[in-house]
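A look at the structure
For reference, the chains in residue letters:
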Amino acid sequence: MLSNKAKYGLKALIHLAGHDGVSLAATIAEQNNIPRKFLDAILLELTKAGILSSKKGKGGGYQLARPADAITAGQIIRILDGPLAPIACASRTAYRPCHDCPDENACAVRDVMLDVRDSMALILDRTSIAAMRARGQRGAAPLR
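1. Side note on the side chain of Ser 23
With respect to the helices, strands and loops of the structure, Ser 23 is situated in the loop between helix H1 (4-17) and helix H2 (25-32). Looking at Ser 23, the relative accessible area reads 6%, which means it is buried. Excluding its chain neighbours within four sequence positions, the residues that come into contact with Ser 23 are His 15, Leu 16, Ile 28, Gly 61 and Tyr 62.

Here it is as structure tokens:
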């Protein structure tokens with residue numbers, strides 16, 4: 001399940017994708033119903049990862065460090081939540097063998113979780129923040 005941290009991070013980036021220049025953390029938090037202190041920590045993490053740039057002082061705030069179509073949902077979720085794989089033995093970046101599995105090549109659970117990881121990565125790594133913003137602008141219409 002997607003954590004609130006990743007959900008709020010995606011919402012903040014979608015917000016920033018819709019604004020030229022900088023936006024204050026307080027404005028992002030208020031307009032997206034995100035707890036301010038939690039958002040501050042998320043924005044700091046995204047700034048350290050090079051996704052955002054920040055400017056201090058008068059006229060300061062946050063903005064995307066690169067175009068919204070060059071930032072993917074997969075990148076953000078990995079930064080904020082870690083690997084996409086539902087179990088460690090199916091992860092590409094944080095692989096750990098299961099202690100209860102004598103032969104992972106014959107493990108049906110791992111096999112299905114590899115498919116889940118691959119399917120999630122396919123969608124999330126092809127979905128940019130710009131595309132997510134466009135989806136959100138379709139109003140109440142169903143996404144599919």
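2. Quick look at the packing of H2 against helix H3 (residues 36-48)
Packing of H2 against H3 leaves a shortest axis separation of 10 Å and a crossing angle of 120 degrees. Between H2 and H3, the angle falls in the class oblique. Where H2 crosses over H3, the two elements pack in a sense that is right-handed. On the side of H2, the interface is formed by Ala 25, Ala 26, Ile 28 and Ala 29, while H3 contributes Arg 36, Leu 39, Asp 40 and Leu 43.

3. Observations regarding the pairing of strand S2 (residues 61-64)
Direction of pairing for strand S1 (residues 52-55) relative to S2: antiparallel, over a ladder of four bridges. When the bridges of S2 are listed, Ser 53 appears paired with Gln 63. Counting the residues in the hairpin turn of S1 and S2 gives five residues, including Gly 57, whose phi is positive at 85 degrees.

4. Details of the layout of surface pockets
Reported here for the largest pocket is a volume of approximately 220 Å³. Lining the largest pocket are Met 1, Leu 2, Ile 77, Asp 81, Pro 83, Leu 84, Ala 85, Pro 86, Met 120 and Leu 124. Elements with a minimum of two residues in the lining of the largest pocket: helix H4 (73-81) and helix H5 (108-126). Taken together, the residues of the lining of the largest pocket sort by class into nine nonpolar, no polar and one charged. Computed from the structure, the second largest pocket encloses a volume of approximately 160 Å³.

Rules used throughout
Residues numbered from 1 in each chain as written. Predicted model: local features only at pLDDT ≥ 70, side-chain atom pairs only at ≥ 80, totals over all residues. Heavy atoms only, no water. Helix = DSSP H or I, 4+ residues; strand = E, 2+ residues; numbered from the N terminus. Buried < 20%, exposed > 50% of the residue type's maximum accessible area, 1.4 Å probe, protein only. Contact = heavy atoms within 4.5 Å. Axes fitted to C-alpha atoms, helices over the stretch in contact; angles between N-to-C directions. Parallel < 35°, antiparallel > 145°, perpendicular 65-115°, else oblique. Left-handed = near helix turned anticlockwise from the far one by under 90°. Pairing = 2+ DSSP bridges. 1 Å grid on protein atoms, 1.4 Å probe; cavity = no way out; pocket = protein on both sides within 12 Å on 5 of 7 lines; lining within 4 Å. Points joined across faces, edges and corners; volume = space filled by probe spheres on them. Nonpolar A, V, L, I, M, F, W, Y, C, P; charged D, E, K, R; others polar.

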